[in-house]
Amino acid sequence: MPRRKAHKPADPLPFRPFAEDAGVQTFAGFSIENGTRRMALHGSLDLTRDRAGLTRARALKTLLDAVVATLEAEDLPDAVPDEPEVSEPVRNPFA
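The shown structure was predicted, so the numbers you read here are calculated from the model rather than taken from an experiment.

Draft legend 1. Structural detail: the sheet that holds strand β3 (residues 40–43). Spatially, the three strands line up as an open sheet ordered β1-β2-β3, and their pairing is antiparallel. With partners counted over all chains shown, the strands left at the sheet margins are β1 (24–27) and β3, one partner each. Strand-to-strand twist in this sheet, taken as the mean axis angle between neighbours without regard to direction, amounts to 15°. In terms of strand pairing, strand β2 (residues 30–33) meets β3 through four bridges, oriented antiparallel. Residue pairing across strands places Ser31 opposite His42, the latter belonging to β3.

Draft legend 2. The pattern of salt bridges, seen in detail. According to the stated counting rule, one finds one salt bridge in the structure shown. Between Asp65 and Lys61 there is a salt bridge, with the nearest N and O atoms lying 2.7 Å from each other. Highlighted residues: Asp65 and Lys61, both in helix α1 (residues 51–72), separated by four residues, approximately one helical turn. Owing to a relative accessible area of 51%, Lys61 belongs among the exposed residues under this scheme.

Draft legend 3. Structural detail: the environment of Val67. Its location among the elements puts Val67 in helix α1. For the pair Val67 and Phe18, spaced 49 residues apart in sequence, the C-alpha separation works out to 8.0 Å. Contact partners of Val67, with chain neighbours within four places excluded, come to Pro17, Phe18 and Met39.

Draft legend 4. Structural detail: the nonpolar core. Core analysis: the largest hydrophobic core is formed by ten residues, namely Phe15, Phe18, Phe27, Phe30, Ile32, Met39, Leu45, Leu60, Leu63 and Val67. Elements represented by at least two residues in this core include exactly β2 and α1. Examining the composition of this core, we find that three residues originate from one element, α1, more than from any other.

Draft legend 5. Up close: the side chain of Ser31. Relative to the elements of secondary structure, Ser31 occurs in strand β2. Separated by 3.1 Å, the side chains of Ser31 and Thr26 make a polar contact. Residues contacting Ser31, with those up to four places away along its chain left out, are Val24, Gln25, Thr26, Ala40, Leu41 and His42.

Draft legend 6. Highlighting the packing of aromatic side chains. Counted according to the given criterion, the structure contains one aromatic pair. Here Phe27 and Phe30 contribute two aromatic rings whose centre-to-centre distance is 6.1 Å and whose plane-to-plane angle is 65°, an arrangement assigned as edge-to-face. With relative accessibility at 11%, the residue Phe30 sits in the buried group.

What counts, and where the lines are drawn
- Residues numbered from 1 in each chain as written.
- Predicted model: local features only at pLDDT ≥ 70, side-chain atom pairs only at ≥ 80, totals over all residues.
- Heavy atoms only, no water.
- Pairing = 2+ DSSP bridges.
- Helix = DSSP H or I, 4+ residues; strand = E, 2+ residues; numbered from the N terminus.
- Axes fitted to C-alpha atoms, helices over the stretch in contact; angles between N-to-C directions.
- Salt bridge = Lys/Arg side-chain N within 4 Å of Asp/Glu carboxyl O.
- Buried < 20%, exposed > 50% of the residue type's maximum accessible area, 1.4 Å probe, protein only.
- Contact = heavy atoms within 4.5 Å.
- Core = buried A, V, L, I, M, F, W, Y, C linked by side-chain atoms within 4.5 Å.
- Polar contact = N/O pair within 3.5 Å; in protein donor to acceptor, adjacent residues only side chain to side chain.
- Phe/Tyr/Trp six-rings, centres within 6.5 Å; stacked < 30°, edge-to-face > 60°.

If you want it as structure tokens, here you go:
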């Protein structure tokens, strides 16, 4: 019977959830944009039934565990208000 490799801990997250508005973590075509009021998840992530799928599932779990721990440690409002898009006037180059 083949020996199974010991589980190696996942690399630490490159950012802390909700800590800043500029960080992005990307793995396997899936991006998580950090923000102080919300995080946005974009893309596609295949969790295949193989070692690569297990690695991706563990990375996703690590990220979601950090998000849940951050949220559980705070006194949260019922909802975050929608933020209007901020636009700045731009000079008309044809005027």
